[in-house]
Amino acid sequence: MATLLLLPGDGIGPEVCAQVRRVAAALTPDLKVDEALYGGASYDTHGTPLTDEVREQALASDAVLMGAVGGPKWADAPRHLRPEAGLLNLRKAMDVFANLRPAYCFEALAGASSLKPELVSGLDIMFVRELVGGVYFGQPRGIEDLADGQKKGFDTQVYTTSEIERVGRVAFELARGRTNKVHSAEKSNVMESGLLWKQVITELHAREYPDVQLEHILADNCAMQLVRAPKQFDVIVTDNLFGDILSDAAAMLTGSLGMLPSAALGAPGKPGLYEPIHGSAPDIAGKGLANPLAAILSFEMALRWSLKQTEAADALLAAVKAALDNGARTRDLGGSLTTTQMGDAVLAAL
Ligand code: ATP
Ligand code: MG
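Here the structure is a predicted model, which means the values were calculated and not measured. (Residues numbered from 1 in each chain as written. Chains lettered and ligands numbered in written order. Predicted model: local features only at pLDDT ≥ 70, side-chain atom pairs only at ≥ 80, totals over all residues. Heavy atoms only, no water.)

Asker: Can you walk me through the environment of A18 in this structure?
Answerer: With respect to the helices, strands and loops of the structure, A18 is situated in helix α1 (residues 13-27). Each C-alpha atom of the pair A18 and A295 lies 9.6 Å from the other, and the pair is 277 residues apart in sequence. (Helix = DSSP H or I, 4+ residues; strand = E, 2+ residues; numbered from the N terminus.)

Right under this line is the structure:
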């Protein structure tokens with residue numbers, strides 16, 4: 001029996017994960033759904049955002065689905081014990097190096113977007129962001145005192161050939177199932193790691209994926225093009241830092257933060273880590289206002305990529321579309337449904 005580990009976390013995390021539980025019970029009754037404390041909730045109980053037990057439980061499961069972590073309550077916790085540190089540690093432990101972040105616009109919402117409908121209608125971008133390397137993890141890093149009384153803060157961006165190759169491979173494979181087009185974004189004009197990135201992607205493409213259309217793009221130009229003409233993109237592969245920024249910008253093309261899921265994948269056969277891209281949203285936590293669709297769509301990605309239940313994933317995606325077509329809207333989408341009522345709408349469509 002396949003196992004999904006739910007880590008509801010903090011803020012609206014538990015609220016949106018409760019809807020995932022309901023959907024899983026209806027759609028995949030054979031799936032074993034476990035639950036554990038994580039993030040600030042774990043810090044409050046165990047003094048750490050990620051216990052060894054939960055890390056082992058995650059590694060032993062088939063997929064992990066997180067709600068959200070963090071909030072003002074833990075802002076003063078020591079840096080290495082903050083909820084966000086638990087997130088980075090879990091990603092590292094699971095070695096989920098490829099972060100899949102779709103930016104697509106549901107047709108029912110295209111007209112309601114704060115952006116021009118012609119710009120976003122039919123938008124379907126898949127970011128493949130490197131997730132466990134680069135400047136977020138590179139050594140040395142730190143804040144040091146200088147002789148003149150100043151301080152210096154520094155980080156190191158490092159990528160190796162194999163780190164670039166494995167994430168590049170995920171992007172090219174994905175492209176084959178889509179429109180066969182990959183943009184690789186870096187800053188090879190000013191960064192050595194960017195130059196290596198470009199070289200490795202070029203060689204991998206020539207060697208294994210000559211059938212895929214590859215274009216190199218400077219990350220700053222990519223940002224501009226995403227705002228100017230986003231529909232020119234299909235798959236965009238990029239490093240950890242640029243991927244963080246570019247995918248957040250693209251997310252807003254789709255209207256609401258409450259709509260978008262993400263997946264983080266490791267080596268084939270290893271569990272993937274799934275999470276809505278929104279944060280813990282402390283401003284609306286506990287009020288039943290959160291849109292659960294990002295979490296529900298994260299479950300859809302888990303079904304597709306880790307649990308290999310493609311039919312169930314297709315059915316769930318269709319149910320979300322149907323619910324939106326039927327007018328189901330939480331407050332972030334301009335409606336008045338509660339979190340549970342949006343769950344009801346998806347279940348009814350299922
Ligand atoms: P984090 O640092 O954890 O990523 P953040 O500061 O980026 O957090 P979010 O927690 O994602 O921000 O919230 C940003 C805004 O979007 C808030 O006003 C929040 O209420 C809203 N929001 C986020 N997620 C949802 C959701 N699922 N449904 C409705 N509104 C949401
Ligand atoms: Mg955020």
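Asker: Before we go on, may I ask you to explain the packing of aromatic side chains in this structure?
Answerer: Two aromatic rings are characterised by how far apart their centres lie and by the angle between their planes. Here the structure, examined in full by the defined rule, presents 3 aromatic pairs. Aromatic side chains Y159 and W197 sit 5.4 Å apart centroid to centroid with 70° between the ring planes, which places their arrangement in the edge-to-face category. Of this pair, Y159 sits in the loop between β7 (151-154) and α7 (161-176) while W197 sits in helix α8 (residues 192-208), and the two are 38 residues apart along the sequence. Judged by relative accessible area, Y159 falls into the buried class, the value being 7%. For W197, a relative accessible area of 2% gives the class buried. Taking 4.9 Å as the distance between ring centres and 20° as the angle between the ring planes, the aromatic pair formed by F172 and Y209 counts as stacked. Placement of the pair is F172 in helix α7 and Y209 in the loop between α8 and β9 (213-218), with a sequence separation of 37 residues. For the pair F172 and Y209, one class covers both residues: buried. The lysine or arginine in question, K92, covers the ring of F137, its NZ or CZ lying 4.4 Å from the ring centre. Over the ring of F154 we find K152; its NZ or CZ atom is 5.0 Å from the centre of that ring. (Phe/Tyr/Trp six-rings, centres within 6.5 Å; stacked < 30°, edge-to-face > 60°. Buried < 20%, exposed > 50% of the residue type's maximum accessible area, 1.4 Å probe, protein only. Lys NZ or Arg CZ within 6 Å of the ring centre and 35° of its normal.)

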